[in-house]
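Working through the structure, step by step
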Amino acid sequence: MPLYHKLGNIPPKRHTQFRKPNGDLYYEQLFGTIGFDGMSTNLYHEQRPTQVKEIKGSYSVKPKIARANNIQSYRFRGFQVPQIPDFLESRKAVLTNSDCTITLAAPTNKTQDYFYKNTDADELIFIHKGTGKLRTILGNLDFKYGDYLLIPRGIIYKIDFDTDDNRLFIVESRRPIYTPKRYRNWFGQLLEHSPFCERDIRRPYELETNDEKGEFLIKVRKQDEIFDMVYATHPFDVVGYDGYNYPYAFSIHDFEPITGSIHQPPPVHQTFETDAFVVCSFVPRMYDYHPDAIPAPYNHSNIDSDEVLYYVDGDFMSRKDIAPGHISLHPAGIPHGPHPGTMEKSIGQTRTEELAVMVDTFKPLMVTEEAMKIADEQYYQSWLD
């Protein structure tokens, strides 16, 4: 998100002496993306951020593939993913390709005894159930039902939940995640036709500055392995930072829908983008108001992309037998559309209360073994008369 943010204390100029009250220097760190060409932030630490004490070992979290070349439409019952205490162990990858992985998680522990850093991917975490606090090296964010949490790659974080009943829909992206370019002017400001604006973006509001030495476990994900690394100093020791590369929150409830007299195509719901996939938000809205409008979506073929729809809440007008937590997968090249009878039923309706998150990928998605455990393998036949 190209939006400048400053938190804590920083010196007047970059790369200059910044001293503690006792005269010692703070330690500057440039935290950037795409070499020195992408968004970056300058951090100032109490201790050197380079003190690795021990690497205890590693283990693979690479998704196990059940169907590498898939042409079948699926429904996955997401709430059947088991509740597991540990945050990382609870994450179950269901769909994946070389650009992104779509994951479900139902952690029950309120906190973790470790910190986490994903060096492979930006993480977009959608909060379906649960409230709590995202705690990061760049400050904290409160979250609740309906929030997207955007955590850029390399951010050290942990999540504290308020209860043991949490459901997360996670997109891990090997490409940087941005707001859609067509919503922004050449300065980066969100334009008047954008369905949200800078006021809706919640930035970190508090820093945890811990000047501590000891042993601090950080689980680091790199190339689909998690390494247990022990640092000699507390990772949350930043006294201040400024820049453009930081975590933020955005609520799906703050997305303002774009409507028309006839049915609008999915891009009007777009919320985030990369050069490899897009994320859309379907929110409560007025239906099309042409006197002959058909509110149900028309049949369409995704010739160039796989479509994933995560159902959050509401009526899901164009689908039968769909419930919160379900995921539909419609692969590229195969036409799909409203279930039989739903097109006719939609005529004359004036409003929908649906809430859903859609991910359209430009490369085919592979179906994992974890996905097959919760799959409805007859879903592709549900359009038969």
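Because the structure is predicted, anything quoted here is derived from the model rather than measured.

What counts as what
- Residues numbered from 1 in each chain as written.
- Predicted model: local features only at pLDDT ≥ 70, side-chain atom pairs only at ≥ 80, totals over all residues.
- Heavy atoms only, no water.
- Helix = DSSP H or I, 4+ residues; strand = E, 2+ residues; numbered from the N terminus.
- Rg over C-alpha atoms; globule rule 2.2 N^0.38 Å.
- Buried < 20%, exposed > 50% of the residue type's maximum accessible area, 1.4 Å probe, protein only.
- Contact = heavy atoms within 4.5 Å.
- Areas by Shrake-Rupley, 256 points an atom, 1.4 Å probe, with all protein chains shown as cover.
- Pairing = 2+ DSSP bridges.
- 1 Å grid on protein atoms, 1.4 Å probe; cavity = no way out; pocket = protein on both sides within 12 Å on 5 of 7 lines; lining within 4 Å.
- Points joined across faces, edges and corners; volume = space filled by probe spheres on them.
- Nonpolar A, V, L, I, M, F, W, Y, C, P; charged D, E, K, R; others polar.
- Lys, Arg positive; Asp, Glu negative; His and termini not counted.
- Salt bridge = Lys/Arg side-chain N within 4 Å of Asp/Glu carboxyl O.
- Polar contact = N/O pair within 3.5 Å; in protein donor to acceptor, adjacent residues only side chain to side chain.

**Points about the overall build of the chain**
Of regular secondary structure, the chain possesses two helices and 30 strands. Rg of the C-alpha trace for the chain: 22 Å, near the compact-globule value of 21 Å for 385 residues, within the 12% margin. Along the first, second and third principal axes, the C-alpha set of the chain runs to 75 × 45 × 35 Å. Taking all 385 residues of the chain together, the buried fraction comes to 55%. Nonlocal contacts in the chain, meaning residues at least 24 apart in sequence, comprise 76% of its contacts between residues at least 6 apart. About 17500 Å² of surface is accessible on the chain, with carbon and sulfur atoms providing 51% of the total.

**Some points on the sheet that holds strand β6 (residues 74–77)**
Overall, antiparallel pairing links the seven strands, which are arranged β20-β21-β28-β24-β25-β6-β30 in an open sheet. Each having just a single partner strand, β20 (270–273) and β30 (375–376) make up the two edges of the open sheet. Relative to strand β28 (residues 355–361), strand β24 (residues 306–313) runs antiparallel, the two being bridged by seven bridges. Among the inter-strand pairings, D306 is bridged to a residue of β28, identified as T361.

**Let's talk about the layout of surface pockets**
If you add up the space inside the largest pocket, you get close to 670 Å³. Around the largest pocket, the lining comprises 38 residues; the ones closest to its centre are H263, P266, F282, P297 and M358. For the lining of the largest pocket, the residue count by class is 21 nonpolar, eleven polar and six charged. The calculated volume of the second largest pocket comes to roughly 520 Å³.

**Points about empty space enclosed by the protein**
With the rule as written, the count across this model stands at three cavities of 30 Å³ or more. Taken as a whole, the largest cavity holds about 130 Å³ of empty space. By residue class, the composition of the lining of the largest cavity is ten nonpolar, two polar and one charged. Considered as a void within the structure, the second largest cavity measures approximately 40 Å³ in volume. What lines the second largest cavity is G78, F79, V81, L104, A105, A106, R167, L168 and Y310. Within the residue set of the lining of the second largest cavity, elements represented by two or more residues are β8 (100–105) and β15 (167–173). The residue inventory of the lining of the second largest cavity, partitioned by class, reads seven nonpolar, one polar and one charged.

**Topic: the side chain of E273**
Within the fold, E273 resides in strand β20. For the buried E273, no salt bridge exists, and the shortest N-O distance to an oppositely charged side chain is 4.3 Å, to R184. A polar atom in the side chain of E273 sits 3.2 Å from the side chain of Q270. Ignoring sequence-local partners within four residues, the contact set of E273 consists of P176, I177, Y178, T179, P180, K181, R184 and V278.

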